[in-house]
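Residues per chain are reported as follows:
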Amino acid sequence: MKFEKVSPPESGEKIKYIDGELKVPENPIIPYFEGDGIGKDVVPAAIMVLNEAARLTGREISWFKVYAGEDAFKIYGNYLPDDTINAIREYRVALKGPLTTPVGGGFRSLNVTIRQILDLYANVRPIYYLKGVPSPLKHPEKVDMVIFRENTEDVYSGIEWKEGSEEALKVIRFLADEFGVNIRKDSGIGIKPISEFATKRLVKMAIKYAIENNRESVTIVHKGNIMKYTEGAFRDWGYEVAREEFGDKTITETELWENYDGKAEGKIVIKDRIADNMFQQILTRTDEYDVLAMPNLNGDYMSDAAAAMVGGLGIAPGSNIGDGMGVFEPIHGSAPKYTGQNKVNPTAEILTGALMFEYLGWKDASEMIKKAVERTIQSGTVTYDLHRHIGGNLVGTKEFAEEVVRNLG
Ligand code: NAP
């Protein structure tokens, strides 16, 4: 593969995808970009931790620096150059920092564009509690969920027309003429597609994850009582794929009580909840929820709300996963007002790296990082965001990461 303005490192090997499985060498080449704003602070800090955890577990990463966002615009005249997309496609697993959505830059959002071009159809966010992190919950230690949010459809598919535009008026006229549906003429119009194909592959990934990680249940979250043919269908297709592809490993909640006397006996329980109810249940009955699968918009809201339960944006890792490909990013954005101040919390980016290690099959290195972060925070060494709530020894981004490195192993 030829790149226009970047070169892959000379050492290291490619991650391959063979027969539906990732083949990860001990010295993989991994593309990364810092992105905008505080990406410049948190990505180098995270890489310092990742390099050391890899070294301590007998591995080495050859980082391949690529560009997106403002940096890319300066070099390529383009916020998302082909070099960057091609590098991710070729090397399969990448680490990214946050990207500011450029105003008038020709993209709705660079993040959404990356997910769509590479068909990274699942946004996967683990939500778990690290001891010592301030939380608004009485029992934050009960939180241990993984959210699988569909990444390509729903109202995020970008099909919408401005109020008063020719297109919006045409759609309104069409609906009136063909279906007798009345929509006010001064309406903007958005389309919410939810397909069987995209739903089933997402729910399938969630169930597969639950099986491989000895989880207890997968909850399908939807608003099917109101939106029957989109959200309701999401629920029905979710149950269908569980039955069709994992019939011997899953049971429904009804079967659990009717046939199994409430004891799942090693099977994954598939249940569903209506989204609004789910928002209160993750607070009131936290430990009943484990792996969650949901459409795009519900997933966006739910994952930020769930992240807030265990310490907020500075802590929460995330990823975008497709078939044999993953781009790892923290939940937070570029927080431009803190750029270059060595101030913000690098934990979210560090734990994003730990999540990437888990995806590579490096569970030992991943656990080592999580424990080191926990140890660091418990010892009272914190950045400003946690210091605001619990005080302690206030440090900058780099110093926090250095302390995590000291706590590894
Ligand atoms: P944001 O960048 O996530 O920042 C919102 C607030 O969250 C910050 O002001 C700060 O709160 C806190 N915060 C975020 N990251 C933190 C960290 N690492 N450590 C400590 N505190 C942290 O959200 P935004 O201001 O709405 O968005 C800014 C830009 O980022 C926008 O252009 C948006 O489109 C983009 N964005 C990108 C992504 C992505 O790349 N995936 C995701 C979300 C947003 P305090 O001010 O209270 O300290």
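These figures come from a predicted structure and were not determined experimentally.

A. Seen up close, the environment of Lys162. Mapped onto the elements, Lys162 comes out in the loop between β8 (160-161) and α5 (166-179). Once the C-alpha coordinates of Lys162 and Gly190 are considered, the two residues, 28 residues apart in sequence, prove to be 8.8 Å apart.

B. Here's a closer look at the pairing of strand β14 (residues 319-322). Residues of β14 alternate between two faces, with Ser319 and Ile321 on one and Asn320 and Gly322 on the opposite face, all of them buried. By the bridge criterion, three bridges tie strand β6 (residues 122-128) to β14 in an arrangement that is antiparallel. Residue pairing across strands places Ala122 opposite Ile321, the latter belonging to β14. Pairing analysis gives four bridges linking β14 to strand β15 (residues 325-328), with the strands arranged antiparallel. Pairing of Ser319 across the sheet is with Phe328, part of β15.

C. How the structure looks around the site of the ligand. Close to the ligand lie 23 residues, the nearest being Leu99, Gly333, Ala335, Tyr338 and Tyr384. In this structure, a nitrogen atom belonging to the ligand sits 2.9 Å away from a main-chain N or O atom of Asn345. Starting from 880 Å² of accessible surface for the ligand in isolation, the protein chains cover 70%.

D. Highlighting a nonpolar patch on the surface. A contiguous nonpolar surface patch, about 310 Å² in accessible area, is contributed by Phe174, Phe179 and Val181. Turning to its location among the elements, Phe179 is positioned in helix α5. According to the relative accessible area criterion, Phe179 is exposed, its value standing at 57%.

E. Focus on the pattern of salt bridges. Per the stated rule, a full pass over the model turns up 30 salt bridges. With a shortest N-O distance of 3.0 Å, Asp364 and Arg59 are connected by a salt bridge. One end of the pair, Asp364, is in helix α12 (residues 363-378); the other, Arg59, is in the loop between α1 (39-56) and β4 (62-65), and 305 residues separate them in sequence. Residue Asp364 is classed as partly exposed on the basis of its relative accessible area, which comes to 41%. Arg125 is the partner of Asp304 in a salt bridge, and the nearest nitrogen-oxygen pair spans 3.4 Å. Of this pair, Asp304 sits in helix α10 (residues 296-309) while Arg125 sits in strand β6, placing them 179 residues apart in sequence.

Calculation notes
- Residues numbered from 1 in each chain as written.
- Predicted model: local features only at pLDDT ≥ 70, side-chain atom pairs only at ≥ 80, totals over all residues.
- Heavy atoms only, no water.
- Helix = DSSP H or I, 4+ residues; strand = E, 2+ residues; numbered from the N terminus.
- Buried < 20%, exposed > 50% of the residue type's maximum accessible area, 1.4 Å probe, protein only.
- Pairing = 2+ DSSP bridges.
- Near = heavy atom within 4 Å.
- Polar contact = N/O pair within 3.5 Å; in protein donor to acceptor, adjacent residues only side chain to side chain.
- Areas by Shrake-Rupley, 256 points an atom, 1.4 Å probe, with all protein chains shown as cover.
- Patch = residues over 30% accessible without salt bridge, like charges linked within 9 Å, V, L, I, M, F, W, Y side chains within 5 Å.
- Salt bridge = Lys/Arg side-chain N within 4 Å of Asp/Glu carboxyl O.

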